[in-house]
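Spelled out from the first residue to the last, the chains are:
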Amino acid sequence: MRFRTVFRGSPPLLLFQSQSSWRFFSQLRSRPERSSFGIAFDIDGVILRGRVPIGGSPQSLRRLYGDSGTLKIPFLFLTNGGGIPESRRASELSNLLGVKILPSQVVQGHSPFKGLLKRFENELIVATGKGEPALVMSEYGFKKVLSLDEYAAYFDNIDPVSQYKNWTTEQAFNRCNISMDLVPRYNVFSDRVKAAFVISDPVDWGRDIQVLCDILRSGGLPAENNGHQPALYFAADDLEYQAAFPAKRLGMGAFRIALESIFNRIHHSALEYTSFGKPNPFVFKNAETILRQIQASCHDDNVIGIEDMVSLDFKTLYMIGDNPVVDIKGAQQAGHPWFSILTRTGVFREKENHAEFPADLVVDTVEEAVEYIMSREGNA
Ligand code: G3P
Ligand code: MG
C-alpha cells in the first residue's frame, strides 16, 4: 500500500542563511562551498530491520557521496541502539550498506557514557546488555569494568534458576575468557560497585533484574547491607523499537520499567537513575557539534578558527526517524535548525501524521526522505 507524503502545516519555504557580517562572507568566498545542511539517520526501523537494509537505504546513502567516494553531505547515524564499540559498528554498517562509514559518524545510545569517565575511571563498574558491554566501556577508558555476566558468575547461586539456562554460564565464561577456578579480576567481594550501566537491550532480563537489584539495594555489594544506591545509567529509554520481527519489540525503556517497579517494591527508597539517548535535547546538540566537524572535514578544513565556527552554522539539520516519541519529539524539542522526517518503515505505520508529536514531514521510506531533502536543497 502506498501512502502519500504528509506535511505538518504548509510545505516549508527555503530560507537563506544570514551571515552575521560581511567580513565572514568575504573570508569564505574563495573556499569550496560547504553544505548548509546535514542529516541524522536513525538506524532501527529506518536504515535496517535487524541486519537487513530497508527502505532503499544503501542507494540513499550513496547519494551523499561524490563520484570519487568522498563524503559530500555531512551525515551521521543517531541511534539509541548499541552494544559494540562505535568503530566496530561503523565497519558493520559499511559492510551492510556499501558505503564507507567512519566511527565518528556513529552516535549510539551509550556514546555519551564517555562523559562519565572522570567520575568512574578507576571505580568498579558493571555493564550489561547484548553485544560486548564491558568492551564498550573499556574502550571509553573505564579501567575496572565487568560485564554483568562475569560479575554474576563470581557469586554462587545469585541466579537461583541458572541451572536451567545452560547457555548463560557457558557464554559468560567464553566471552570473558576466564574459568570458574580463577579468582575474580577485581575483588568483587569487598570492592563496592560504584555504578551500573545498561549499555544495550538486556539479554537475560530475569537474571539482570535480580543481580541489579542485589547491587543497587545493598550499596554495591550483593548480600551485604547499608550503603547508598550506586549510580545507574541507561543508554536509552525506548519502550519499543522495530527489529527483524514484524511487530514492535520491547526495548530498554520496558526493561527500565520492569526493574524500577520491582526495585521500588522491595526497597524503602525509590530507584534513582539517569537515562541517556534520544529524545534528550543534549543528544541533538551533540549530533549538531559532530555534524559540524564532519562538515569541516568534507572540505579538508580540519583546522577551524573561532570565526569560522560562526560560518559553520547549519541552515537545516534533518532527523530521519521511525519513532515519534523518540526521534520526532527529540528533534522538535531541540528546535532550530532541526527538521523532522518520519518514515513508515518502523514503529510508526499510520497514514496521517502522529497526533502528539507531528513530524515536519511524513514519508514512506528513507529513500523518499533523502529525495525530498536533496531536491529541497538543490542537490537533486
Ligand atoms: O535497541 C535499539 C532501539 O532501542 C532503537 O534504535 O536506531 O531506532 O534509535 P534506533
Ligand atoms: Mg528507530
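Rules of the game
Numbering of residues starts from 1 in every chain and runs along the sequence as written. To label them, take the chains in the order written and letter them from A, then take the ligands in the order written and number them from 1. Note on the predicted model: pLDDT of at least 70 is required for a residue's local features to be given, and 80 or more for side-chain atom pairs to be given and counted; whole-chain, interface and lining totals, by contrast, use all residues. Values reported for side chains reflect all heavy atoms of the structure, with hydrogen atoms and water molecules removed beforehand. Put simply, DSSP marks the helices as runs of H or I at least four residues long and the strands as runs of E at least two long, and each gets a number from the N terminus on. Only protein chains enter the accessibility calculation, which uses a 1.4 Å probe; a residue whose area is less than 20% of its type maximum is buried, one above 50% is exposed, and one in between is partly exposed. Sites may look incomplete, because water is not among the atoms used; the donor set itself consists of N, O and S atoms within 2.8 Å of the metal (3.2 Å for Na, K and Ca). For each residue, the test is whether any non-hydrogen atom lies within 4 Å of the molecule or strand; if one does, the residue is near. By the criterion applied in these results, polar contacts are pairs of N or O atoms within 3.5 Å in which, for protein atoms, one can donate a hydrogen and the other can accept it, and in which residues neighboring in sequence qualify only through two side-chain atoms. Residue-level accessible areas treat just the shown protein chains as cover; the underlying method is Shrake-Rupley with a 1.4 Å probe. When residues are sorted by character, Ala, Val, Leu, Ile, Met, Phe, Trp, Tyr, Cys and Pro go into the nonpolar class, Asp, Glu, Lys and Arg into the charged class, and all the rest, Gly among them, into the polar class. One requirement defines pairing of two strands: DSSP has to find at least two bridges between them. Any two residues whose heavy atoms approach within 4.5 Å are treated as being in contact. Only the stretch in contact is used when fitting a helix axis, every axis being a line fitted to C-alpha atoms; angles between N-to-C directions are given from 0 to 180 degrees. For Phe, Tyr and Trp, rings pair up if their centres lie within 6.5 Å, where Trp contributes its six-membered ring, and each pair is then called stacked (planes under 30 degrees apart), edge-to-face (over 60) or tilted (otherwise). When the NZ atom of lysine or the CZ atom of arginine is within 6 Å of a ring's centre and also within 35 degrees of its normal, the charge is said to sit over that ring. Across the chain, each position has a pLDDT score giving the predictor's confidence in that residue, from 0 to 100. Relative orientations are named as follows: roughly parallel for angles under 35 degrees, roughly antiparallel for angles over 145 degrees, roughly perpendicular for angles from 65 to 115 degrees, and oblique for any other angle. The handedness criterion is simple: a crossing whose near helix is rotated anticlockwise from the far helix by less than a right angle is left-handed, and one whose near helix is rotated clockwise is right-handed. Comment: arc refers to directions from the helix axis out to C-beta atoms.

Peer 1: Sorry if this is basic, but what is going on with the environment of Gly115 here?
Peer 2: Here Gly115 is to be found in the loop between β6 (106-107) and α4 (117-120). When its relative accessible area of 65% is taken as the criterion, Gly115 is described as exposed. Counting along the chain gives 25 residues from Gly115 to Tyr140, while the straight-line C-alpha distance between them is 9.0 Å.

Peer 1: Explain the coordination of the magnesium ion (ligand 2) here, please?
Peer 2: For a metal bound by four donors in a tetrahedral arrangement, the ideal donor-metal-donor angle is 109.5 degrees, while six donors in an octahedral arrangement ideally sit at 90 or 180 degrees. Note on the magnesium ion (ligand 2): its protein donors are Asp42 (OD), Asp44 (O) and Asp322 (OD). The metal-donor distances range over 2.1 to 2.2 Å. The sequence pattern describing where the donors of the magnesium ion (ligand 2) fall on their chain is D-x1-D-x277-D. With Asp42 in the loop between β2 (37-41) and β3 (48-49) and Asp322 in the loop between β14 (316-321) and α12 (324-334), the pair connects residues that are 280 residues apart, well separated along the chain. For the pair Asp42 and Asp322, one class covers both residues: buried.

Peer 1: Mind showing me how you'd approach the site of ligand 1 here?
Peer 2: Every residue near ligand 1 is listed here: Asp42, Ile43, Asp44, Thr79, Asn80, Gly81, Asp201, Asp238, Tyr241 and Lys278. One nitrogen or oxygen atom from the main chain of Asp44 is found 2.8 Å from an oxygen atom belonging to ligand 1. A distance of 2.8 Å is found between an oxygen atom of ligand 1 and a backbone nitrogen or oxygen belonging to Asn80. The protein chains hide 95% of the 310 Å² of surface that ligand 1 would expose on its own. Among the residues making up the shell around ligand 1, the classes are represented as two nonpolar, three polar and five charged.

Peer 1: Would you take a moment to explain the sheet that holds β6 for this structure?
Peer 2: Adjacent strands of a sheet form backbone hydrogen bonds with each other and so pair up, either parallel or antiparallel. Taking strand neighbours across the sheet as the criterion, the seven strands line up as β1-β16-β15-β14-β2-β5-β6 in an open arrangement whose pairing is mixed. Unpaired on one side and paired on the other, β1 (6-7) and β6 mark the two borders of the sheet. Bridge count between strand β5 (residues 75-78) and β6: two bridges; the pairing is parallel. Its bridge partner lying in β6, Phe77 is registered against Val106. On top of the sheet, helix α13 (residues 366-376) reaches β1, β2, β14, β15 (338-342) and β16 (361-362); it is set at about 170 degrees to β14, its chief contact.

Peer 1: Please clarify how the packing of aromatic side chains should be interpreted in this entry.
Peer 2: Enumeration over the complete set of coordinates arrives at 21 aromatic pairs. Seen in terms of ring centroids, Phe113 and Phe197 are 5.1 Å apart; in terms of plane orientation they differ by 65 degrees. Their pairing is edge-to-face. Of the two residues, Phe113 sits in the loop between β6 and α4 while Phe197 sits in strand β9 (residues 195-198), which places them 84 residues apart along the sequence. The ring of Phe339 is capped by Arg376, whose NZ or CZ atom sits 4.7 Å from the centre of that ring.

Peer 1: Got a minute to help me understand the confidence of the model for the protein in this structure?
Peer 2: Low pLDDT marks regions whose predicted coordinates should not be analysed in detail. With 85% of its residues at a pLDDT of at least 70, the protein reaches an overall mean of 88. Taken as a whole, residues 10-30 scores under 50 in pLDDT and shows 22 contacts with residues more than four places along the chain or in a different chain.

Peer 1: Sorry, what's going on with the sheet that holds β9 here?
Peer 2: As summarised here, the arrangement of the five strands in space is β8-β7-β9-β10-β13, forming an open sheet in which the pairing is parallel. Every interior strand has two partners, whereas the edge strands, β8 (144-147) and β13 (274-275), have only one. This element, helix α9 (residues 252-266), spans β9 and β10 (231-234) of the sheet and lies at about 150 degrees to β10.

Peer 1: What's the story with the side chain of Asp327 in this structure? I'm lost.
Peer 2: On the secondary structure map, Asp327 appears in helix α12. Once you skip the residues sitting within four places of it in the chain, Asp327 turns out to touch Asp42, Lys278, Phe284, Met319, Gly321 and Asp322.

Peer 1: Just checking my understanding: could you explain the pairing of β15 for this structure?
Peer 2: Consecutive residues of a regular strand have side chains that alternate between opposite faces of the sheet. Taking burial as the measure, the five residues of β15 include five buried ones, the bulk of the element. Every second residue of β15 is oriented toward a common face, with Trp338, Ser340 and Leu342 on one face and Phe339 and Ile341 on the other, all of them buried. Inspection of the sheet shows β14 paired to β15 by five bridges, in the parallel sense. When the bridges of β15 are listed, Leu317 appears paired with Trp338. Here β15 pairs with β16 via two bridges, running parallel. Bridging across to β16, Leu342 finds its partner in Val362.

Peer 1: Teacher, can you tell me more about the packing of helix α8 (residues 205-218) against α9 here?
Peer 2: When two helices pack together, you describe them by how their axes are tilted relative to each other and by the distance separating the axes. One way to put it is that α8 packs onto α9 with a least axis distance of 10 Å and a crossing angle of 45 degrees. Judged on the interaxial angle alone, α9 and α8 are oblique. As for how α8 packs across α9, the hand of that crossing is right-handed. Mapping the contact onto sequence places Trp205, Asp208, Ile209, Leu212, Cys213, Leu216 and Arg217 in α8 and Ala254, Phe255, Ala258, Leu259, Ile262, Phe263 and Ile266 in α9. Looking at the contact of α8 with α9, its residues break down into twelve nonpolar, no polar and two charged.

Peer 1: Help me out: how do you make sense of helix α5 (residues 133-140) in this one?
Peer 2: Those residues of α5 that sit buried are Pro133, Ala134, Val136, Met137 and Tyr140. Projection of α5 onto a plane perpendicular to its axis shows the buried side chains occupying an angular sector of 160 degrees, all on one side. Against α3 (86-97), α4, β7 (124-128), β8 and β9 lie the buried residues of α5. Looking one or two places after α5, you find Gly141, whose phi comes out positive at around 115 degrees.

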